[in-house]
Amino acid sequence: MSKIPVYLMPGLAASTAIFERIALPADRFEIYLLEWEIPLDNESLANYAKRIATKIKHENAVLIGVSFGGILVQEMARFIDCRKVIIISSVRSNLEFPFRLKIAKTTKAYKLIPLRLIANIESLAKFSFGEKVNQRLKLYQKFLSVRDIRYLNWAVEQVVLWDRTVVDEVVIHIHGDMDDVFPIKNIKNCIVVKGGTHIMVLNKYRWFNTNLPGIIES
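This text gives an overview of the structure that appears in the document. Because the structure is a prediction, the values reported are computed rather than measured.

## Considering the environment of Glu35
Along the chain, the position of Glu35 falls in the loop between strand 2 (29-33) and helix 1 (45-53). Residue class for Glu35 comes out exposed when judged on its relative accessible area of 55%. As a C-alpha pair, Glu35 and Ala14 span 21 residues in sequence and 8.5 Å in three-dimensional space. In this structure, Glu35 is in contact with Met9, Thr16 and Ile52, ignoring residues within four places of it in sequence.

## Examining the layout of surface pockets
Quantified by volume, the second largest pocket comes out at close to 160 Å³. Breaking the lining of the second largest pocket down by element, the ones donating at least two residues are helix 1 and helix 7 (149-160). Its residues placed into classes, the lining of the second largest pocket shows four nonpolar, two polar and four charged.

## Some words on the sheet that holds strand 4 (residues 82-88)
Read from one edge to the other, the open sheet built from six strands follows the order 2-1-3-4-5-6, with strand pairing classed as parallel. Looking at the sheet topology across the chains shown, the edges are occupied by strand 2 and strand 6 (191-193). Ignoring strand direction, the axes of neighbouring strands in this sheet form an average angle of 20°. Here strand 3 (residues 61-66) pairs with strand 4 via six bridges, running parallel. When the sheet's bridge partners are listed, Ala61 is paired in strand 4 with Cys82. Contacts between helix 2 (residues 68-76) and the sheet are confined to strand 1 (4-9), strand 3 and strand 4, with strand 3 contributing the most and set at about 145° to the helix. Packing of helix 9 (residues 205-217) onto the sheet brings it into contact with strand 1, strand 2, strand 3, strand 4, strand 5 (172-176) and strand 6, and relative to strand 4 it is tilted by some 145°.

Cut-offs and rules
- Residues numbered from 1 in each chain as written.
- Predicted model: local features only at pLDDT ≥ 70, side-chain atom pairs only at ≥ 80, totals over all residues.
- Heavy atoms only, no water.
- Helix = DSSP H or I, 4+ residues; strand = E, 2+ residues; numbered from the N terminus.
- Buried < 20%, exposed > 50% of the residue type's maximum accessible area, 1.4 Å probe, protein only.
- Contact = heavy atoms within 4.5 Å.
- 1 Å grid on protein atoms, 1.4 Å probe; cavity = no way out; pocket = protein on both sides within 12 Å on 5 of 7 lines; lining within 4 Å.
- Points joined across faces, edges and corners; volume = space filled by probe spheres on them.
- Nonpolar A, V, L, I, M, F, W, Y, C, P; charged D, E, K, R; others polar.
- Pairing = 2+ DSSP bridges.
- Axes fitted to C-alpha atoms, helices over the stretch in contact; angles between N-to-C directions.

Take a look at the structure:
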């Protein structure tokens, strides 16, 4: 029996290192890692998704996306046939956005985010902000690898302006009950991970390694 191809897409600006502890049975699954590419000038999310979809080299592959990566794989599924689309710590429509994101869209406040700080984490890391903040900066250095300011501006805008209002009921949604980016109170019909935060793909990897095979094959 041939293995099921599983493509993993990280979250906004994140590297594929976020999946380093995800392990599916090698006799049943083949994992492929997708990476963010710098958007073309004035590239729409749909066109970007179509471009990234060309990286899928298998028929009926499983697409798994985290956070903004979850939004992206849903858009990619418009252009290719998929066995399953699974999103983690994400949303299935903009109706599940928290109020602050809806306000950001109306006021365009997202344009005021100091994204150059994210792009220059190494400079921030030279200063001492206390042990907790420094530990977090080290995590950012490791897992937030896409620092191109053009990409960051584009990605934030694509999230805030995502125009999907109709949920694709085929999409499987896995969400933590302690997610502070997309609070679960706004999320409908998901598989709930108790104690899961927005970065649960990192610290709840045991849950995913135990449960993902069954979710994919069901």
